[in-house]
Amino acid sequence: MIKKLAVLTEAVFQAKQANLQEKAAAEAACVHALVQLDKDREKIMASLQLNEGMSGAQIACQSQWLVWAEKERATRNMALARARAVAMDHRKAAKKAFGRHNATQSLVSKLL
C-alpha cells in the first residue's frame, strides 16, 4: 500500500515539476521580449543622436516608434508580472508535492 502511495506522490511531483518548467519558460520568454524591446529602443536612440541630417519625417517616425515602444514595454511588463505570479503559484505547488513525495519515500525506506 505504501509503495503505491510512493508511486502516486512521485507521479504528482513529476507533473507539478513539468508544469513549473513550462511556466518558468513562459516567464523567460517574457523577459527575453522585454530585453529585445530595450535593445531596439537603444538602437533607435543611438540613431537619433548620431544622425543630425535626418529628415523631419524620419524623426517623427522614430518618435512615434518610441511612444509605441513605451506602451509595449508597459504591456510586456504586465505580462511578465502575470507570468511570474503564475510561476510562483506553480513553484509552491511543486514544493508541496516534493515534500509529500519526500515524506512518502522516507516512510517507504523506514518500513521496508
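Residues numbered from 1 in each chain as written. Predicted model: local features only at pLDDT ≥ 70, side-chain atom pairs only at ≥ 80, totals over all residues. Heavy atoms only, no water.

## Section: the overall build of the chain
Counting secondary structure elements, the chain contains 2 helices and 0 strands. Taken over C-alpha atoms, the radius of gyration comes to 24 Å for the chain, far larger than the 13 Å a tight globule of 112 residues would show. Across its three principal axes, the chain shows a C-alpha extent of roughly 80 × 20 × 15 Å. With 112 residues in all, the chain has 21% of them scored as buried. Relative to all contacts within the chain whose residues are 6 or more apart in sequence, the contacts with residues 24 or more apart total 85%. Total accessible area on the chain is roughly 8,100 Å²; 61% of this is exposed by carbon and sulfur atoms. Looking at the chain, you have 18 positive and 10 negative side-chain charges, and the mean spots of the two groups are 14 Å apart. (Helix = DSSP H or I, 4+ residues; strand = E, 2+ residues; numbered from the N terminus. Rg over C-alpha atoms; globule rule 2.2 N^0.38 Å. Buried < 20%, exposed > 50% of the residue type's maximum accessible area, 1.4 Å probe, protein only. Contact = heavy atoms within 4.5 Å. Areas by Shrake-Rupley, 256 points an atom, 1.4 Å probe, with all protein chains shown as cover. Lys, Arg positive; Asp, Glu negative; His and termini not counted. Charge placed at Lys NZ, Arg CZ, Asp CG, Glu CD.)

## Remarks on the packing of aromatic side chains
Any pair of aromatic rings gets described here by the distance separating the centres and the angle formed by the planes. Tallying each qualifying case throughout the model produces 2 aromatic pairs. Relative to Phe 98, the ring of Phe 13 lies with its centre 5.5 Å away and its plane at 55°, an arrangement referred to as tilted. With Phe 13 in helix α1 (residues 2-50) and Phe 98 in helix α2 (residues 56-111), this pair connects stretches of sequence that are 85 residues apart. Centroid distance Trp 65 to Trp 68: 5.8 Å. Interplanar angle 50°. Geometry classified as tilted. Of this pair, Trp 65 and Trp 68 both sit in helix α2, 3 residues apart, which is roughly one turn of that helix. A relative accessible area of 41% means that Trp 68 is categorised as partly exposed. (Phe/Tyr/Trp six-rings, centres within 6.5 Å; stacked < 30°, edge-to-face > 60°.)

## So, the side chain of Glu 27
You can see Glu 27 is positioned in helix α1. By relative accessible area, which is 16% here, Glu 27 ends up buried. Apart from residues lying up to four places away in sequence, Glu 27 is in contact with Leu 80, Ala 83, Arg 84, Ala 87 and Arg 91.

## Observations regarding a nonpolar patch on the surface
There is a patch of nonpolar side chains on the surface, built from Leu 5, Leu 8 and Val 12 and spanning about 240 Å² of accessible area. Within the secondary structure, Leu 8 is located in helix α1. (Patch = residues over 30% accessible without salt bridge, like charges linked within 9 Å, V, L, I, M, F, W, Y side chains within 5 Å. Salt bridge = Lys/Arg side-chain N within 4 Å of Asp/Glu carboxyl O.)

## Notes on α2
With 56 residues, α2 should reach 82 Å at 1.5 Å per residue; the first-to-last C-alpha distance of 80 Å fits that figure. Inspection of α2 places Gln 62, Leu 66, Ala 69, Glu 72, Leu 80, Ala 83, Ala 87, Ala 94, Ala 97, His 101, Thr 104 and Val 108 among the buried residues, and these make up the whole buried set. (Expected span 1.5 Å × (residues − 1).)

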